[in-house]
Amino acid sequence: MTKKIVVLPGDGIGPEIVAEAVKVLKKLAEQGLDISFEHGLIGGAAYDETGVPLPNETLEMAKKADAILLGAVGGYKWESLDISVRPEKGLLGIRSELNLFANLRPAILYPQLADASTLKADVVAGLDLMIVRELTGGIYFGQPRGIRTLENGEKEGFNTLVYKESEISRIGKVAFDIAAKRQGRLCSVDKANVLESTELWRETMTSLSTNYPDIELSHMYVDNAAMQLVRAPKQFDVMVTTNMFGDILSDCASMLTGSIGMLPSASLDENSKGMYEPIHGSAPDIAGQNIANPLATILSAAMMLRYTLNEAEMADRVEQAVSKVLDQGLRTADIFSEGMKKVSTSEMGDAVLAAL
Ligand code: NAD
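Rules and cut-offs
- Residues numbered from 1 in each chain as written.
- Predicted model: local features only at pLDDT ≥ 70, side-chain atom pairs only at ≥ 80, totals over all residues.
- Heavy atoms only, no water.
- Helix = DSSP H or I, 4+ residues; strand = E, 2+ residues; numbered from the N terminus.
- Buried < 20%, exposed > 50% of the residue type's maximum accessible area, 1.4 Å probe, protein only.
- Pairing = 2+ DSSP bridges.
- Right-handed = clockwise from strand over helix to strand, strands pointing away.
- Near = heavy atom within 4 Å.
- Polar contact = N/O pair within 3.5 Å; in protein donor to acceptor, adjacent residues only side chain to side chain.
- Areas by Shrake-Rupley, 256 points an atom, 1.4 Å probe, with all protein chains shown as cover.
- Nonpolar A, V, L, I, M, F, W, Y, C, P; charged D, E, K, R; others polar.
- UniProt positions renumbered as here; feature names shortened; annotations may be inferred.
- Contact = heavy atoms within 4.5 Å.
- Phe/Tyr/Trp six-rings, centres within 6.5 Å; stacked < 30°, edge-to-face > 60°.
- Lys NZ or Arg CZ within 6 Å of the ring centre and 35° of its normal.
- Domains from an automatic or database assignment.
- Buried area = accessible area lost by both parts, 1.4 Å probe.
- Salt bridge = Lys/Arg side-chain N within 4 Å of Asp/Glu carboxyl O.
- Core = buried A, V, L, I, M, F, W, Y, C linked by side-chain atoms within 4.5 Å.

> Which parts of the structure should I look at to understand unusual backbone geometry?
The general pattern is negative phi for most residues beyond glycine and trans for most peptide bonds. Geometrically, the link from Gln 143 to Pro 144 is a cis peptide bond, its omega value of -5 degrees lying close to zero. Position of Pro 144 relative to the elements: it lies in the loop between β5 (128-134) and β6 (146-149). You will see that Asn 99, though not glycine, has its phi angle at about 55 degrees, which is positive. One can find Asn 99 in the loop between α4 (87-97) and β4 (102-108). Of the residues examined, Asn 99 reaches a relative accessible area of 34% and is grouped as partly exposed. Within the chain, Ser 272 stands out as a residue other than glycine whose phi angle is a positive 65 degrees. Here Ser 272 is to be found in the loop between β11 (264-268) and β12 (274-278). On the basis of relative accessibility, which here comes to 31%, the residue Ser 272 falls in the partly exposed class.

> I'm lost on the environment of Cys 252 in this one. Help?
Locating Cys 252 in the fold gives a position in helix α9 (residues 243-256). What makes Cys 252 partly exposed here is its relative accessible area of 26%.

> So what exactly am I meant to see when it comes to the pairing of strand β8 (residues 185-190) here?
In the case of a regular strand, side chains alternate between the two sheet surfaces. For β8, the buried fraction is high: five of the six residues fall into the buried class. In this structure, β8 lies alongside strand β9 (residues 216-221), joined through six bridges in parallel fashion. Directly across from Arg 185, in β9, lies its bridge partner Glu 216. Of the crossover connections in this fold, the one passing from β8 over helix α7 (residues 196-208) to the parallel β9 is right-handed. Pairing of β8 with strand β10 (residues 238-241) involves four bridges; the strand directions are parallel. Bridged to Val 189 within β10 is Thr 241.

> Where do I start with the site of the ligand in this structure?
Not every one of the 20 residues close to the ligand is listed here, only the nearest: Val 73, Glu 88, Gly 281, Ala 283 and Asn 293. Between Val 73 and the ligand, the recorded distance is 2.9 Å, taken from a backbone N or O atom to an oxygen atom. A distance of 2.9 Å separates an oxygen atom of the ligand from a polar atom in the side chain of Asp 285. Protein chains shield 67% of the accessible area of the ligand, which is 800 Å² for the free molecule. Residue classes in the shell around the ligand are distributed as nine nonpolar, seven polar and four charged.

> Any chance you could explain the UniProt feature "binding site: Mg(2+)" (unreviewed entry) in the chain here in plain terms?
Annotation from UniProt places "binding site: Mg(2+)" (unreviewed entry) at Asp 223, Asp 247 and Asp 251. Relative accessible area serves as the criterion here: at 45%, Asp 223 is assigned to the partly exposed category. Beyond its immediate chain neighbours, meaning those up to four positions away, Asp 247 contacts Arg 133 and Tyr 140.

> What is the right way to read the packing of aromatic side chains from this model?
For any pair of aromatic rings, the description rests on two quantities: the centre-to-centre distance and the angle between the ring planes. One pass over the full model with this rule turns up two aromatic pairs. Judged by centre distance (4.5 Å) and plane angle (10 degrees), the ring pair of Phe 176 and Tyr 212 falls under stacked. One end of the pair, Phe 176, is in helix α6 (residues 165-181); the other, Tyr 212, is in the loop between α7 and β9, and 36 residues separate them in sequence. Over the ring of Phe 37 we find Lys 26; its NZ or CZ atom is 5.6 Å from the centre of that ring. Here the basic side chain of Lys 342 rests over the ring of Phe 336, its NZ or CZ set 4.9 Å away from the ring centre.

> Before we go on, may I ask you to explain the domain arrangement of the chain in this structure?
One widely used convention gives an interface's size as the accessible area the parts lose upon coming together. Partitioning the chain into structural domains gives domain 1 (1-103 + 268-356) and domain 2 (118-257). Look at where the C-alpha atoms of domain 1 and domain 2 centre, and you get two points 26 Å apart. Counting the surface lost from both domain 1 and domain 2, the interface buries some 1100 Å², and carbon and sulfur atoms represent 62% of this. The largest share of the area that domain 1 buries against domain 2 comes from Phe 101, Asn 103 and Tyr 307, three residues that together contribute 57% of it. Taken together, domain 1 and domain 2 are joined by one salt bridge. Our enumeration of links across domain 1 and domain 2 arrives at two residue pairs in polar contact (both at pLDDT 80 or more). For the side of domain 1 that touches domain 2, the elements supplying multiple residues, two or more each, are β4 and α10 (295-307). No other element matches the three residues that α10 contributes to the side of domain 1 that touches domain 2.

> Looking at this structure, I do not really get the nonpolar core. What am I missing?
As a rule of thumb, soluble globular proteins bury nonpolar side chains together. Judged by nonpolar contacts, the single largest core of 85 residues is most densely connected at Leu 104, Leu 129, Val 132, Met 262, Tyr 276, Leu 305 and Val 322. Here this core spans two domains, and each of domain 1 (1-103 + 268-356) and domain 2 (118-257) adds at least three residues to it. Within the second largest apolar cluster, 16 residues are counted, among which are Ala 65, Ile 68, Ile 94 and Leu 98.

Listed below in structure tokens is the structure:
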């Protein structure tokens, strides 16, 4: 059956980079991939047209789709708007409306770009790590929360770190399944020595592991995990963790690769329906110049092939094509170094097509 993909280019460089990823998917469609496209508005572009950053029409379209390809939202133009209609609200809105609870953030360092990292090349060369972050629960959503005034007049801020067993096992299953498609090693990150909610996290992951005899499960406290990520990141295959720990660790991991324009992400629901987007923003400083790096978005399309469309072989081919253009010395400005050939956004997209 034809799989429906909703394309939401968004703002800034969004339309430029998404166009390149769509080119790649259309090429695969010519080679047998059964997909169709629908385009929608989100973010500032949607606000300008409709007065809201997430129009109902976009949401309905997204609900009916198999997968969503998103560019990025936001920009200077909309910064003074009321927070309720800012472009970023559109993004948070679609994530929560679609119940995209599993955030997958791979940190892959192509050996050709080892010099782009702030870490020593031998520590990061060949890095291929996946962080699975719980996205719709934990301390960012827990109740009660707020700032109250105590009897003595002092103010107190408070939040609640709460996880139900069902929320933990739901994200756990995603992580075990991903580990099964990779090297079969899963590290669950918690703070079970001091936080009861993550003691339950650890217990739940341990009991889940009986269903996955081929996966090697380990546990690590989050403070150690942060240290290990910069000391020896290649020891990890897949990491699974809570919303807040994942927020922090995945940003840390992304910088191991040194190049924000290279990193894709996926946010999945219970049925592996997903929204796929680069981890970077709309880069208004370089928008409209045809110089942005489209590879993070193209690699997001590869994740879509792997995790929603179940086309692992095609996903491999896209990833290999990206590696090939890097081998050819082609670089957009953000990853350019002496001796390489500087190319534009669309030239990079064309090169990936040719490599396919
Ligand atoms: P940003 O990621 O847009 O840009 C940070 C820096 O990285 C900029 O110098 C930019 O030019 C560069 N950069 C980003 N992507 C690039 C690419 N593909 N190729 C080459 N260079 C690239 O972050 P920011 O400047 O903090 O935010 C700009 C806007 O994006 C803000 O409105 C912010 O709210 C929004 N934002 C959106 C998302 C999203 O849509 N998921 C994520 C982060 C920020």
